[in-house]
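One letter stands for each residue in the lines below.
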Amino acid sequence: MSASAVLQQVLESGKVQDRQGRSYALHSHIDAAKGAFLQHWIARVQPAAVLEVGCAFGISSLYIQEALEGKLASHTIIDPQQESEWHGVGRYLLESAGCQRLVWMEEGSETALPALLKQQARFDFAFIDGWHTFDHVLLDFFYINRMCKTGAVVVFDDADFPAVRSLLAYLEQYPHWERVDVLEWPLSRQRKLYAKTIQLAARGISVCFPREYRDHIFHQHALRSDKPLRDPARMVALRKTGEDERSWDWWAPF
């Protein structure tokens, strides 16, 4: 079977099976809109090497493999709980799909990524969907940044999670990375108007406070006119525009 056939079968049935034939209800997977977002950027980048942090039941991996079909691209997958929590389903589905050039690292990204860096691994495309605390996603990106080629794209899942959203506000200040795309939750016109009203009110009230206290009282994005109001992001894609040439004491507020 192909990645497309396995993916269609699983999504239509809403169930997955492990290699022993035991069945599980499908959950905690990306939907079709997110899958299309990944595939769009894989088609744009045409990567020779893909890195994925987090696999679970392997749905995102199958979307990636579907986009890579017929291409000689490697696909490195980091998932420390593939056997213990996900019953090896993701790995089994990818094997059933006949996927080639897979590299599995069944350990935490905090140890897998430094090992890849030591091996001088290089990637053109990465998908970060692992542990969602601020420090852990930052750790993932710290190493991925060092292994990405110029022009590489990194996609972050669950960009509407507070920790991921806050981290992206920081990463977008990096001089050698830029936001190139976002998959948004649709907001109604009424909710957009309400959010815009709150933003304008916060800016107006903020002038009553000394400058040194404003950022402690108000979210910075509500005060900066250069930060456009956006719908909540489901996924965000960043592209590396050059090598990391920041000074040893570089800092930018976020």
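Now for a description of the structure that goes with this document.

Criteria and thresholds
Residue positions are given per chain, counting from 1 as you read along its sequence in written order. Side-chain atom pairs in this predicted model are given and counted only at pLDDT of 80 or more, local residue features only at pLDDT of at least 70, and totals for whole chains, interfaces and linings cover all residues. Hydrogen atoms and water are omitted, and side-chain values are computed over all heavy atoms in the structure. The cut-offs for exposure are 20% and 50% of the maximum accessible area for each residue type, with area from a 1.4 Å probe on protein chains only; residues under the lower value are buried, those over the upper are exposed, and the others partly exposed. Here a strand is any run of E in DSSP of at least two residues, a helix any run of H or I of at least four, and the numbering for each starts at the N terminus. Call a crossover right-handed when, viewed with both strands pointing away from you, the route from the first strand across the helix to the second goes clockwise. In short, DSSP must find at least two bridges between two strands for them to pair. Each axis is a line fitted through C-alpha atoms, and for a helix only the stretch in contact is used; angles between axes span 0 to 180 degrees, taken between their N-to-C directions. When checking whether two residues touch, look at their non-hydrogen atoms; a contact exists if any pair is within 4.5 Å. Whether a set of points on the 1 Å grid over the protein atoms alone is a cavity depends on a 1.4 Å probe fitting there but being unable to get out, while an open set qualifies as a pocket with protein on both sides within 12 Å along at least five of seven lines; lining residues are those with an atom within 4 Å of a point. Grid points are joined across faces, edges and corners, and a volume is the space filled by probe spheres set on the points. Side-chain classes follow a simple rule in which Ala, Val, Leu, Ile, Met, Phe, Trp, Tyr, Cys and Pro form the nonpolar group, Asp, Glu, Lys and Arg form the charged group, and the remainder, Gly included, forms the polar group.

## Remarks on the pairing of strand E4 (residues 74–78)
Item 1. With five of five residues buried, E4 lies mostly within the body of the structure.
Item 2. Handedness of the crossover joining strand E3 (residues 49–53) and E4 through helix H3 (residues 59–68) is recorded here as right-handed.
Item 3. Pairing between E4 and strand E5 (residues 102–105): four bridges, direction parallel. By the bridge assignment, His 75 is partnered in E5 with Leu 102.
Item 4. Following the chain from E4 across helix H4 (residues 89–96) to the adjacent parallel E5, one finds a crossover that is right-handed.

## Here's the deal with H3
Item 1. Where burial is concerned, most of H3 is hidden: nine out of the 10 residues are buried.
Item 2. Restricting attention to buried positions, one finds in H3 the residues Ile 59, Ser 60, Ser 61, Leu 62, Tyr 63, Ile 64, Gln 65, Ala 67 and Leu 68.
Item 3. Looking one or two residues beyond H3, the residue adopting positive phi is Gly 70, at roughly 85°.

## Regarding the sheet that holds E4
Item 1. Spatial strand order, E5-E4-E3-E6-E7-E9-E8: seven strands in an open sheet with mixed pairing. Whereas interior strands pair on both sides, the edge strands pair on one side only; in this sheet they are E5 and strand E8 (177–184). Going across the sheet, the axis of each strand differs from the next one's by a mean of 15°, ignoring polarity.
Item 2. As judged from the four bridges shared by E3 and strand E6 (residues 123–128), these two strands associate in the parallel manner. The residue of E6 that forms the bridge with Val 50 is Phe 125.
Item 3. H3 contacts E3, E4, E5 and E6 of the sheet and is inclined by roughly 170° relative to E3.
Item 4. Taken strand by strand, helix H7 (residues 162–171) contacts strand E7 (148–157), E8 and strand E9 (233–240), and its axis lies near 155° from that of E7.

## Observations concerning the side chain of Asp 157
Item 1. Its location among the elements puts Asp 157 in strand E7.
Item 2. Asp 157 sits in the buried class, given a relative accessible area of 4%.
Item 3. Not counting chain neighbours up to four residues away, the residues in contact with Asp 157 comprise Ile 30, Lys 34, Phe 127, Ile 128, Asp 129, His 132, Val 164, Arg 234 and Met 235.

## Regarding the layout of surface pockets
Here the idea is plain: a probe the size of a water molecule rolls over the atoms and shows the empty space left.
Item 1. In this structure, the second largest pocket occupies an estimated 540 Å³ of space.
Item 2. Lining the second largest pocket are 28 residues, and of these Gly 54, Cys 55, Asp 129, Gly 130 and Trp 131 lie nearest its centre.
Item 3. For the lining of the second largest pocket, the elements supplying multiple residues, two or more each, are H3 and helix H5 (109–118).
Item 4. Considered class by class, the residues forming the lining of the second largest pocket number 10 nonpolar, 12 polar and six charged.

Geometric descriptors of this kind do not, in isolation, establish any biological role.
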